[in-house]
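Chain by chain, the residues:
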Amino acid sequence: MISTPANTGRRVAKQGWVYKKGGNHFLSKWRLKWFVLFDKPKVELHIYDKRDHAVQSCHPKHLINPENTIIEIPNDTINLSKGILRKTEKISPFIIITKNKRYYFAGQTKSDREDWIKIIQQTSSAQTVVKSGKSKGGGDEDELYSVYSEDTTSISGSAYAQSSISGNEADNAYTSVSVLSIGDASILTSDELNHLNAPNAQLVTATQRLEDFKRKNELSNNPKTKDFLNPGDKWNEKYQNIISLNEEDKDNTFLQMNIRIYELIGAFQEASQYYGRKIIDELHSSNKHDQQQADVSSPRKYLYGEIFFQFATDYENEDSNVINAELSKTNQELKAINAINKLKSDVCTSLFCLVDYKGFRLVACALMPLDEKNSLLFDLTADEYKIDNNAIFKISEIGNKLNLKDHQVILDDSQRITINLSGTVEVYFSQPTSRFYFLNLCDIFPVDCDNLEDPETINVQNRLRPEFIKTYKTQLCSDVFSEFQMNGKELDGYEADLVEASGYLKDVVIPQFVKQLDNLQIIPLDSEEFTQTMHENGINVRYLSLIAKLTKLPYIRDFCYTEMVARACKTVFNDKLRKIVYHFKSIEASKIDEEIQAFIINLFQTVLGNSPKAKAFWKENIESIVNKKFDSKLDYTAFQNIHKPMLFISMQYHCGVLFEDRIDYDFKLQQPFTKENFIGFVSKTKTVNANFDIAERLSVEEKEVYDLGIHFSSLGHKLKLTKNNRTAIRFLGLAKYYNSIGKYDEAQIYGNSALNLVNKNHSYCALILECLMETYFMHSSFVDIENNEDDFEKENNGGGGGEGGESPQDQEPDHTSTVTDKDKGLRKYDVDDTVLEFYNQAINVIKFHLSEDHLYYINILSKLSELYIKCEEYEKGYEIQKECLDYSYKLLGKNHHLTGKHVSKLGNYLLTLKRMDEAIQKYLEAIEIFESLGADKNIEVIAITHHTLADAYFQKDDVDTAIVHSMEARKLKEKCFGQYHHQTINTYRQLAKLVLANYTNYQGVITPQIKKSILIAISCYERVFKYLKSRKDFGKQNVALLTLIRTLIGLKFKLFNTRQREILRSVRQSDKVYSQESVKDVILKLVHLTPVIVIDEILQKLEDNDENSINELGIIVQIAESDDITFA
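Thresholds, definitions, all that
- Residues numbered from 1 in each chain as written.
- Predicted model: local features only at pLDDT ≥ 70, side-chain atom pairs only at ≥ 80, totals over all residues.
- Heavy atoms only, no water.
- Helix = DSSP H or I, 4+ residues; strand = E, 2+ residues; numbered from the N terminus.
- Buried < 20%, exposed > 50% of the residue type's maximum accessible area, 1.4 Å probe, protein only.
- Contact = heavy atoms within 4.5 Å.
- Areas by Shrake-Rupley, 256 points an atom, 1.4 Å probe, with all protein chains shown as cover.
- Phe/Tyr/Trp six-rings, centres within 6.5 Å; stacked < 30°, edge-to-face > 60°.
- Pairing = 2+ DSSP bridges.
- Expected span 1.5 Å × (residues − 1).
- Axes fitted to C-alpha atoms, helices over the stretch in contact; angles between N-to-C directions.
- Salt bridge = Lys/Arg side-chain N within 4 Å of Asp/Glu carboxyl O.
- Core = buried A, V, L, I, M, F, W, Y, C linked by side-chain atoms within 4.5 Å.
- Parallel < 35°, antiparallel > 145°, perpendicular 65-115°, else oblique.
- Polar contact = N/O pair within 3.5 Å; in protein donor to acceptor, adjacent residues only side chain to side chain.
- Patch = residues over 30% accessible without salt bridge, like charges linked within 9 Å, V, L, I, M, F, W, Y side chains within 5 Å.
- pLDDT = per-residue confidence, 0-100.

Concerning the overall build of the chain
Reasoning step 1: When you go through the chain residue by residue, the secondary structure sums to 39 helices and 24 strands.
Reasoning step 2: The buried share of the chain, reckoned over its 1128 residues, is 54%.
Reasoning step 3: Sequence-distant contacts in the chain: of pairs separated by 6 or more residues, those separated by 24 or more amount to 68%.
Reasoning step 4: Per element, the accessible surface of the chain, about 51,500 Å² overall, is 46% carbon and sulfur.

Rendered as structure tokens:
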């Protein structure tokens, strides 16, 4: 039966589900809405989010008067995916244009659209206009797809598109996962997402994909497909046009610009990677190079279309120190480009990419419309100085934004110039585009130097990071230790500034970073991720040894040592590999793959296996590099203690090689690997970053989708579906988000996709498996009885009970909350074989990659413990939580906040198991731990633990001790939360219940001690009363307020003196009936004041012999003791 709108005197001409696209933003999407068209008494189109809203006569979300409107009908249909395994649905759009707005709608079918347009025309004066299909060139015809309607201010981006639904399904309007999209822009098609989500999907790596393309191109005779990536694209022109867009603070422009930039950067990176690999693969055989593309100068240069390639240095002729210095300069150049890009200035930088492959580095750069003769404005390194005031102004603008100091450079006896970037910077001006270009930026960041006593030890390639410089208190000079002359006195001051800055970095910034590591605010899992985190905090990786020295946690120290050794191995690996390549070049060898493979296997066997050569190899090759690069004294014993699988994974990343994705390598063997385990080389790229600040108005879901969209764009179109840990971790973000909001179908799809994308021996795999444990656990068959967090009055009037009841939102946080009887029976879950399989896999991956001595091993155990508790298998949950605590003692020590939380959680489980003495012991231990870490710093968790401890003592029937802890909880919560925070209110309820517990059925004389207890209870309940009145949902608190009013009245009655009790007795015996108005007036007075104040006023009137006081007291008695009184 179809429900109809409530009878409001209007006549319905037509109603049904229609798609509507809302918002004027890039992330807007189509949503099904319930449309009701009325034709009498006047024509109105009402639009509701749900059909029930129309039935209930709710105010419509949108109301349109179709009179004098234009209905625009595009010829196009729009593809809207119906589901992961379903075909794409074509919906039929139409636009209603009113005087002020454009509304974008679509029928579920073409006939559906025609029916709606026909009935609107029949009932109004609306006119129709048929438009041609969307042109390929864009323009006005694209409006339907960019959407400029003004009917909403929200931005809608989603990881799912909506299904066409009708009938009973529409009542629940379920949204099915089908495609990742940002507005109309598809990030992943249904087929692609289906491919990623397929069970045991066999995804290839980026290396395998590039090799496949290379083989296909070599076999192809079609010149159009010979170069599958177009190197001749107008890279720089497109890049500068997009990056210079004026965003005007509009979210949609901003988001579109970022997506477009990253798509271009991704395509450029993809092309650079492909041709870079090609150049390096053919390096050993110079006769294969096209002489038109290769320049025989040193270092060699190549040109593919409009991409210029150059080796970072002359690898063949330079020594290792020069090679390392030149590599550092390329890193600094990219760092400077990215720092300038973030400034949102009108200065142009190059589209730039570094390609690391087989021990070599290529610099790829998009050709720019510049030449030294006509475009160069500023260059202080040329034989004849180039100086231009406009260029100096731009330099000053950029330098100030980067927090770099103005300094005077002496060019000759008669010429000096003031700049605040390095004097090595070159500034060009492109006449055709009227743009300034900044090049040669590698020296703009100041040298990191904390000691001037021995100038020979200063490495000018060690530069401070822009993240540190930007926030440092003082501007720093770029040209200290450069070849430029400066005033001696000024130079001394600049040098002193650098020493102070470097000291601040070591003495303040790095210790603060280590504190975050020790407090588990940052948990290192992966080489690339940890490097990025260090850089974001302004710290270079050369400080790994200092971090290892400062940390209190062994697993952090081990991680740092592993990184140091892996990076040293990379240096050895690259150096030896280059020598092999040049050896084969000298003898003009044509096939070198087997020899290179043998070298790689042998090096990895020596470093990672139980090889008798390992110690000698360490001494001869690695030790000196580690100690020089990281200023450390790591010895062979420390190297032996490194967890070898973690070093194995780190070495693969840093050396750019790939082995089989397995967790059964045995590193106790002399030879853990066979040649079959080696897959190939990985090309690593570093490229420019765009301005990637996410608009604040995006929701959590939209941010996750947008981040994934940016990531996919940056990979390049042809590599986006390859196996990639970074892609996997972004899918994991979506899966965790959907878990958090209870959309387990969606969480399962993105979790399974993440699992297919990730390397199975990498710690990220364990993170994904942990998420899937929860997904499959929650998604399994269970009975779900919804528990509404806002239903406060049920908690106070139901089983939680009257004066002691607690609102769900007022319960303690997870680390101190206990499993109560009211939780039992709500859900029936099961830790089934699938969940346990995920758990076992996760544990095995963590053991392999990070070892049992890593924090995440505890996290996986804790997750399983929580799931057992949810399905009421308390003994199993307790046993695993006990194991968590043992590992926490081992890895973190007793005096760590996470150890304290695990101790407290174990107390919760013991309390649930009714093992009161053990529970109390754990709570007391937890309080001791938190107090040892600083009582003021941990006041919140200490207060909450005292509250829970009071519950434990109460269940043990030790009411007096329970009161002591409840009072301590009250004092601490009032200090850290304030009186009217739900946490404090929770303790007020508890304390009131506890102080009255011994007098529940007491009918005797009110002693001073009993009176004191009643006064404490009244004080607590008065604050609860005021809190209830202050809540936003005050109107829903009728039952709770009435219960509390009756409780307070009853307590006040107990404090009456002899005369007052006699009056109360006579009032109770009276049969007087009071008018509803009189009762209502007193109730309002009780609510607006408090019951205590009202009763005190009545008592005062009694003392004054006020006749009305007896009537008021009678009404108070009736409210407190009659079941007929309710709040309407």
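Concerning the packing of aromatic side chains
Reasoning step 1: Under the definition given, this model contains 46 aromatic pairs.
Reasoning step 2: Relative to Tyr-315, the ring of Phe-311 has its centre 6.2 Å away and its plane inclined at 90°; by these criteria the two rings are edge-to-face.
Reasoning step 3: Overall, Phe-311 belongs to the buried group, its relative accessible area being 4%.
Reasoning step 4: On the numbers, 5.7 Å between centres and 55° between planes, the contact of Phe-648 with Phe-667 is tilted. Within this pair, whereas Phe-648 is found in helix α20 (residues 644–655), its partner Phe-667 is found in the loop between β22 (657–659) and β23 (678–681), the two being separated by 19 residues in sequence. Pair check on accessibility: Phe-648 and Phe-667 agree, each one buried.

A look at the pairing of strand β14 (residues 307–311)
Reasoning step 1: A one-sided burial pattern is seen for β14, the buried positions being Ile-307, Phe-309 and Phe-311 and the unburied ones Phe-308 and Gln-310.
Reasoning step 2: Judged from the 4 bridges that link them, strand β13 (residues 301–304) and β14 form a sheet pairing that is antiparallel. Paired with Tyr-304 across the bridge in β14 is Ile-307.
Reasoning step 3: Note that β14 and strand β16 (residues 360–366) share 5 bridges and pair antiparallel. Its bridge partner being in β16, Phe-309 is matched across the sheet by Ala-364.

Notes on helix α28 (residues 874–892)
Reasoning step 1: Look at α28: 26 Å from first C-alpha to last across 19 residues, which is about the 27 Å you get at 1.5 Å a residue.
Reasoning step 2: Lining the buried residues of α28 we find α16 (554–586), α27 (855–870), α29 (897–912) and α30 (916–932).
Reasoning step 3: Once α28 finishes, Gly-893 follows within two positions and takes phi at roughly 85°, a positive value.

Quick notes on the sheet that holds strand β17 (residues 376–378)
Reasoning step 1: Spatial ordering of the open sheet is given by β17-β20-β21, a layout of 3 strands whose pairing is antiparallel. Only two strands of the sheet have a single partner each, and these edge strands are β17 and β21 (435–439). Taken over all neighbouring pairs, the strand axes of this sheet differ in orientation by 35° on average, direction set aside.
Reasoning step 2: One ladder, built from 5 bridges, connects strand β20 (residues 426–430) with β21; its direction is antiparallel. Counted as the bridge partner of Tyr-428 is Tyr-437 from β21.
Reasoning step 3: Along the sheet face, helix α11 (residues 389–401) touches β17, β20 and β21 and points at about 65° away from the line of β21.

Digging into the pairing of strand β18 (residues 407–412)
Reasoning step 1: One ladder, built from 5 bridges, connects β18 with strand β19 (residues 415–419); its direction is antiparallel. Counterpart to Asp-412 in the pairing with β19 is Gln-415.
Reasoning step 2: The turn joining β18 and β19, which pair antiparallel and follow one another in sequence, is formed by 2 residues.

Here we look at unusual backbone geometry
Reasoning step 1: In this chain, Lys-40 is followed by Pro-41 through a cis amide linkage whose omega measures 0°.
Reasoning step 2: Examined against the element boundaries, Pro-41 turns out to sit in the loop between β2 (30–40) and β3 (44–48).

Remarks on the pattern of salt bridges
Reasoning step 1: Applying the stated criterion across every chain yields a total of 46 salt bridges.
Reasoning step 2: The shortest N-O distance in the salt bridge between Glu-306 and Lys-234 comes to 3.4 Å. Separated by 72 residues along the polypeptide, Glu-306 in the loop between β13 and β14 and Lys-234 in the loop between α7 (223–226) and α8 (235–243) bring together distant segments of the chain.
Reasoning step 3: Residue Lys-234 is classed as partly exposed on the basis of its relative accessible area of 43%.
Reasoning step 4: Linking Asp-443 and Arg-463 is a salt bridge whose minimum nitrogen-to-oxygen distance equals 3.4 Å. Of this pair, Asp-443 sits in the loop between β21 and α12 (466–471) while Arg-463 sits in the loop between β21 and α12; the two residues are 20 residues apart in sequence, bridging distant segments of the chain. One exposure class covers both Asp-443 and Arg-463, and it is buried.
Reasoning step 5: Connected through salt bridges with shared partners, the residues Arg-10, Lys-42 and Glu-44 form a single ionic network.

Some points on the environment of Gly-751
Reasoning step 1: With respect to the secondary-structure elements, Gly-751 resides in helix α23 (residues 744–757).
Reasoning step 2: Under the relative-accessibility criterion, Gly-751 is labelled buried at 1%.
Reasoning step 3: Through-space distance from the C-alpha of Gly-751 to that of Asn-197 is 8.4 Å; in sequence the pair is 554 residues apart.
Reasoning step 4: Once residues lying within four places of it in the same chain are set aside, the contact partners of Gly-751 are Ala-735, Ile-768 and Leu-772.

Remarks on the nonpolar core
Reasoning step 1: With 218 residues, the main nonpolar core has Ile-600, Phe-604, Val-607, Phe-648, Phe-659 and Phe-731 as its most contacted residues.
Reasoning step 2: Looking at this core, the element that brings in the most residues is α16, giving 16 residues.
Reasoning step 3: Excluding anything up to four places from it in sequence, Phe-648 contacts Phe-604, Leu-608, Phe-659, Tyr-665, Phe-667, Phe-673 and Phe-848.
Reasoning step 4: Formed by 79 residues, the second largest nonpolar core is a distinct cluster that contains Ala-950, Ala-962, Ala-992 and Ala-1040.

A short note on the packing of helix α24 (residues 763–779) against α27
Reasoning step 1: Relative to each other, α24 and α27 sit at 5°, their axes nearing to 11 Å. Classed by the angle they form, the pair α24 and α27 counts as roughly parallel. On the side of α24, the interface is formed by Ala-766, Leu-767, Glu-770, Met-773, Glu-774, Phe-777 and Met-778, while α27 contributes Tyr-856, Asn-859, Ile-860, Lys-863, Leu-864, Leu-867 and Lys-870.

A closer look at the side chain of His-46
Reasoning step 1: Here His-46 shows up in strand β3.
Reasoning step 2: Here the side chain of His-46 touches Glu-44 through a polar contact of 2.8 Å, side chain to side chain.

Structural notes on a nonpolar patch on the surface
Reasoning step 1: Together, Tyr-1002, Val-1005 and Ile-1006 make up a nonpolar patch on the protein surface, roughly 260 Å² of accessible area in all.
Reasoning step 2: Relative to the helices and strands, Tyr-1002 is located in the loop between α33 (982–996) and α34 (1008–1030).
Reasoning step 3: Owing to a relative accessible area of 32%, Tyr-1002 belongs among the partly exposed residues under this scheme.

Description of the side chain of Arg-465
Reasoning step 1: Checked against the element boundaries, Arg-465 lands in the loop between β21 and α12.
Reasoning step 2: Since its relative accessible area comes to 7%, Arg-465 is described here as buried.
Reasoning step 3: Only 3.0 Å separates the side chain of Arg-465 from the side chain of Glu-467, close enough to count as a polar contact.
Reasoning step 4: When residues no more than four places from it in sequence are discounted, the contact partners of Arg-465 are Lys-335, His-535, Gly-538, Ile-539 and Asn-540.

Concerning the environment of Met-486
Reasoning step 1: When you line up the elements, Met-486 lands in the loop between α12 and α13 (488–518).
Reasoning step 2: If sequence neighbours within four positions are ignored, Met-486 has contacts with His-407, Gln-408, Val-409, Ile-410, Cys-477, Asp-479, Val-480, Leu-491 and Tyr-494.

Quick notes on the confidence of the model for the chain
Reasoning step 1: Taken over all residues, the pLDDT of the chain has a mean of 84, while the share at 70 or more is 83%.
Reasoning step 2: Across residues 82–87, confidence stays below pLDDT 50; counting only partners more than four residues off in sequence or on other chains, it has 18 contacts.
Reasoning step 3: This stretch, residues 781–826, has a pLDDT under 50; its non-local contacts, to residues over four places away or in other chains, come to 111 contacts.

Side note on the environment of Asp-412
Reasoning step 1: Along the chain, Asp-412 falls in strand β18.
Reasoning step 2: With 73 residues separating them along the chain, Asp-412 and Gln-485 place their C-alpha atoms 8.9 Å apart.
Reasoning step 3: In terms of polar contacts, Asp-412 uses its side chain to reach the backbone amide nitrogen of Gln-415, at 2.8 Å.

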